[in-house]
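Residue-level structure breakdown
Chain by chain, the residues run as shown.
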Amino acid sequence: MDRKRIIIAIDGHSSCGKSTFAKAIAARLGYIFIDTGAMYRAVTLYALENSIIENGIVDEERIKSSLGDIDIDFRFNPQRGASDIYVNGDLAEGKIRTIEVSNCVSAVSSIAEVRSKLVAIQQQMGRKGGVVMDGRDIGTVVFPDAEIKIYMTADPMVRAERRFKELTVKGDSVTLEEVYDNVVSRDKADMTRAISPLRKADDAVVLDNSYMSVEEQMAWFDELYKSVVEA
Ligand code: DC
């Protein structure tokens, strides 16, 4: 018997391994993985490259009037086992994960018009189910009826150390302190913004992975998945 292809919504703090976890679940279930943070980062990258953000200041009116010019799509990359994001046909995957983009993305993602454009795309991508989507408002706004909702968190210093390692491996010259400050300030901005702030949905299950390996997180997920689909 074919299992129903459900929606799995994963929300939580910055840099707590949501994408790694979501990608592993999607591979396990043969689902599509959608990284919604990449979409907010892609809009931020476009704004930086087109001088809509200068000296860290976002020109909100220009970003709103440019939204129609920003075309975002995902294309599966078999080498990564995940989809790469493209902005107006150009591969943006590597360019969206710099500290410069990270420092401006909270301001961009707090603009209502940016959110409504991206939420509509996300709802369209998940309409048939069989998706694992990670972000900040997936279980609360994008898919409030998702069958599984997970709210992820981890100790801020553990998260900063993980992100610091990722960035330095890529050759970015950042300090741990800079990364820690970015993690903490993004948490604050994401949780206090007026529109769709990050919050745990009432029916979400909390996963604190500060001291858990990916394998332990997957074993935790398997139990949860069984309890939902076999209920
Ligand atoms: O998941 P991430 O760290 O790559 O996300 C980058 C930023 O995008 C994050 O600081 C907040 C924003 N974001 C959001 O507001 N809503 C989402 N669904 C996903 C990300």
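For the structure itself, look to the data block above.
This is a predicted model, so every value here is computed, not measured.

Considerations on the sheet that holds strand β6 (residues 82-87)
- With antiparallel pairing, three strands are arranged side by side in an open sheet as β5-β6-β7. Of all the strands in the sheet, just β5 (72-77) and β7 (90-91) have a single pairing partner and so form its edges.
- Pairing between β5 and β6: six bridges, direction antiparallel. From the neighbouring strand, I72 faces β6, where its bridge partner is V87.
- Packed on one face of the sheet, helix α2 (residues 36-49) meets β5 and β6 and runs near 25° to β6.

Looking at unusual backbone geometry
- With a phi angle near 55°, S51 is a residue other than glycine that sits in the positive phi range.
- For S196, which is not glycine, the phi torsion reads 45° and is therefore positive.
- Tracing the backbone through its elements, the reader meets S196 in the loop between α8 (176-192) and β10 (205-208).
- The class of S196 is buried, set by a relative accessible area of 17%.

A few points about the packing of helix α1 (residues 18-29) against helix α9 (residues 214-229)
- For the pair α1 and α9, interaxial distance at closest approach is 11 Å and the crossing angle is 55°. In this view, α1 runs oblique relative to α9, as classed from their interaxial angle. In the crossing of α1 with α9, the sense of the turn from one axis to the other is right-handed. For the pair formed by α1 and α9, the contact residues are T20, F21, A24, I25, R28 and L29 on the first element and V214, Q217, M218, W220, F221, D222 and Y225 on the second.
- For the contact of α1 with α9, the residue count by class is nine nonpolar, two polar and two charged.

A short note on the environment of M152
- On the secondary structure map, M152 appears in strand β9 (residues 148-153).
- Under the relative-accessibility criterion, M152 is labelled buried at 0%.
- In contact with M152, not counting residues within four places along its chain, are I10, D11, G12, H13, C16, G17, K18, F21, L207, N209 and Q217.

Observations regarding the packing of helix α4 (residues 99-109) against α8
- Following both chains from N to C, one finds α4 and α8 inclined at 25°, their axes separated by 9 Å at the closest point. Judged on the interaxial angle alone, α8 and α4 are roughly parallel. Every pair of crossing elements has a handedness; the one defined by α4 and α8 is left-handed. Only N182, R186, A189 and D190 of α8 make contact with α4, whose side of the interface consists of I99, S102, N103, V105 and S106.
- Within the contact of α4 with α8, the residues separate by chemical class into three nonpolar, four polar and two charged.

Things to note about the site of the ligand
- Lining the immediate surroundings of the ligand are 15 residues, of which R41, R115, D137, R186 and R193 lie closest.
- In the model, an oxygen atom of the ligand is placed 2.8 Å from a nitrogen or oxygen of the R186 side chain.
- In this structure, an oxygen atom belonging to the ligand sits 3.3 Å away from a side-chain N or O atom of D190.
- Relative to its unbound accessible area of 440 Å², the ligand is 97% covered by the protein chains.
- Counting atoms within 2 Å of the grid points, the majority share of the ligand lands in the largest pocket.
- Counting residues per element, the ones that place at least two in the shell around the ligand are α2, α4 and α8.
- At four residues, α2 tops the list of elements feeding residues into the shell around the ligand.
- For the shell around the ligand, the residue count by class is three nonpolar, five polar and seven charged.

Analysis parameters
- Residues numbered from 1 in each chain as written.
- Predicted model: local features only at pLDDT ≥ 70, side-chain atom pairs only at ≥ 80, totals over all residues.
- Heavy atoms only, no water.
- Pairing = 2+ DSSP bridges.
- Helix = DSSP H or I, 4+ residues; strand = E, 2+ residues; numbered from the N terminus.
- Contact = heavy atoms within 4.5 Å.
- Axes fitted to C-alpha atoms, helices over the stretch in contact; angles between N-to-C directions.
- Buried < 20%, exposed > 50% of the residue type's maximum accessible area, 1.4 Å probe, protein only.
- Parallel < 35°, antiparallel > 145°, perpendicular 65-115°, else oblique.
- Left-handed = near helix turned anticlockwise from the far one by under 90°.
- Nonpolar A, V, L, I, M, F, W, Y, C, P; charged D, E, K, R; others polar.
- Near = heavy atom within 4 Å.
- Polar contact = N/O pair within 3.5 Å; in protein donor to acceptor, adjacent residues only side chain to side chain.
- Areas by Shrake-Rupley, 256 points an atom, 1.4 Å probe, with all protein chains shown as cover.
- 1 Å grid on protein atoms, 1.4 Å probe; cavity = no way out; pocket = protein on both sides within 12 Å on 5 of 7 lines; lining within 4 Å.
- Sits in = over half its atoms within 2 Å of the grid points.

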